[in-house]
Every structure is written in structure tokens, then in C-alpha cells.
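# A closer look at the structure
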Amino acid sequence: MTDREPLPVPGYTKQSDETIAKVKAFKEAEERLLRALDDMKTAPDIEQRWLAIGRTSLEQSFMAINRS
């Protein structure tokens, strides 16, 4: 396992290959889910307001998971 050099920004820390792989897997899962939600936008029986609320919550959840 190797550490990646952090960006030259205060507060950034080195990340291991394992951590980067986990984040990548979550980002791929997020992308699949968001594309599925995109498909729901055209469905006439879907309440778009709730779909938008769910999408925002999903995006926030993945952001929190990846930042952890």
C-alpha cells in the first residue's frame, strides 16, 4: 500500500491506495444511482418534487461517506 501525496492545500492529508479505491467504488455506485434517478424524471407517475428531494439527500449522503 502506498500513500499519495496530498494537494498543497492546508488540511489535506495523504490517502492510501485502499482509501482511494473505496472512494472510487462509492463514486461509481453514486453515478449508477443518479443515472437511474435521471430515468425517473420522464415518468408521469413520479412526483418530481420528492424525486428532487431524494436526489439531493442521496448526493449529500455520498459526499459525507466519501469525506469520512
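Scroll up to find the structure.
Now for a look at the structure at hand. Think of each chain on its own: its residues are numbered from 1, step by step along the sequence as written. It should be noted that, the model being predicted, local features are given only for residues of pLDDT at least 70 and side-chain atom pairs only at 80 or more, the latter also being counted only at that level, while totals for whole chains, interfaces and linings use all residues. Excluded from the side-chain calculation are hydrogens and water; included are all heavy atoms of the structure.

### Focus: the overall build of the protein
For the protein, the count of helices and strands is two helices and two strands. Per the convention used, a helix needs a DSSP run of H or I reaching at least four residues, while a strand needs a run of E reaching at least two, with both numbered from the N terminus. Ordering the α and β elements of the protein from the N terminus gives β-β-α-α. Exposure categories follow from relative accessible area, calculated using a 1.4 Å probe and restricted to protein chains: below 20% of the type maximum is buried, above 50% is exposed, and the middle band is partly exposed. Taken across its 68 residues, the protein has 13% of its residues classed as buried. Contacts were defined at the residue level, with two residues in contact if any of their heavy atoms lie within 4.5 Å. Residue pairs in contact within the protein that sit at least 24 positions apart in sequence constitute 30% of those at least 6 positions apart. Of the roughly 5700 Å² that the protein leaves accessible, carbon and sulfur atoms contribute 58%. Only the protein chains shown count as covering a residue, and every accessible area follows the Shrake-Rupley method with a 1.4 Å probe.

### So, helix H1 (residues 17-40)
Under the 1.5 Å per step criterion, the end-to-end length of H1 is 35 Å for 24 residues, consistent within 8% with the ideal 34 Å. Three or more residues of H1 are buried, namely Ala 29, Glu 30, Leu 34 and Leu 37. Those residues of H1 hidden inside the fold are in contact with helix H2 (48-67). Here the expected span of a helix is defined as 1.5 Å times the quantity of residues minus one.

### Quick notes on the pattern of salt bridges
Pairing is possible between side chains of opposite charge, provided their charged atoms come close. A carboxyl oxygen of Asp or Glu within 4 Å of a side-chain nitrogen of Lys or Arg is what we treat as a salt bridge. Under the defined criterion, the tally for this structure stands at seven salt bridges. Residue Lys 24 is joined to Glu 28 by a salt bridge in which the shortest nitrogen-to-oxygen separation is 3.9 Å. Within this pair, Lys 24 and its partner Glu 28 are both found in helix H1, separated by four residues, close to a single helical turn. Using a relative accessible area of 52% as the deciding quantity, one classes Lys 24 as exposed. Classification of Glu 28 as partly exposed rests on a relative accessible area of 41%. Residues participating in the shared-partner salt-bridge network are Glu 31, Arg 35, Asp 38, Arg 55 and Glu 59.

### Focus on the packing of H1 against H2
In contact at an axis separation of 10 Å, H1 and H2 are set at 175° when each is read in the N-to-C sense. Viewed along their axes, H1 and H2 adopt a mutual orientation that is roughly antiparallel. Touching Val 23, Phe 26, Lys 27, Ala 29, Glu 30, Leu 33, Leu 34, Arg 35, Leu 37, Asp 38 and Met 40 of H1 are Gln 48, Leu 51, Arg 55, Leu 58, Glu 59, Phe 62, Ile 65 and Asn 66, all from H2. Side-chain classes are defined by residue name, with Ala, Val, Leu, Ile, Met, Phe, Trp, Tyr, Cys and Pro counting as nonpolar, Asp, Glu, Lys and Arg as charged, and the others, Gly among them, as polar. In the contact of H1 with H2, the residues fall into 11 nonpolar, two polar and six charged. Axes here mean lines fitted to C-alpha atoms, for a helix over just the part in contact, with angles spanning 0 to 180 degrees between N-to-C directions. Convention used here: angles under 35 degrees read as roughly parallel, angles over 145 as roughly antiparallel, angles from 65 to 115 as roughly perpendicular, and any remaining angle as oblique.

### Notes on the environment of Phe 26
Tracing the sequence through the fold places Phe 26 in helix H1. Residue class for Phe 26 comes out partly exposed when judged on its relative accessible area of 37%. C-alpha separation for the pair Phe 26 and Asn 66, spaced 40 residues apart in sequence, amounts to 7.3 Å.

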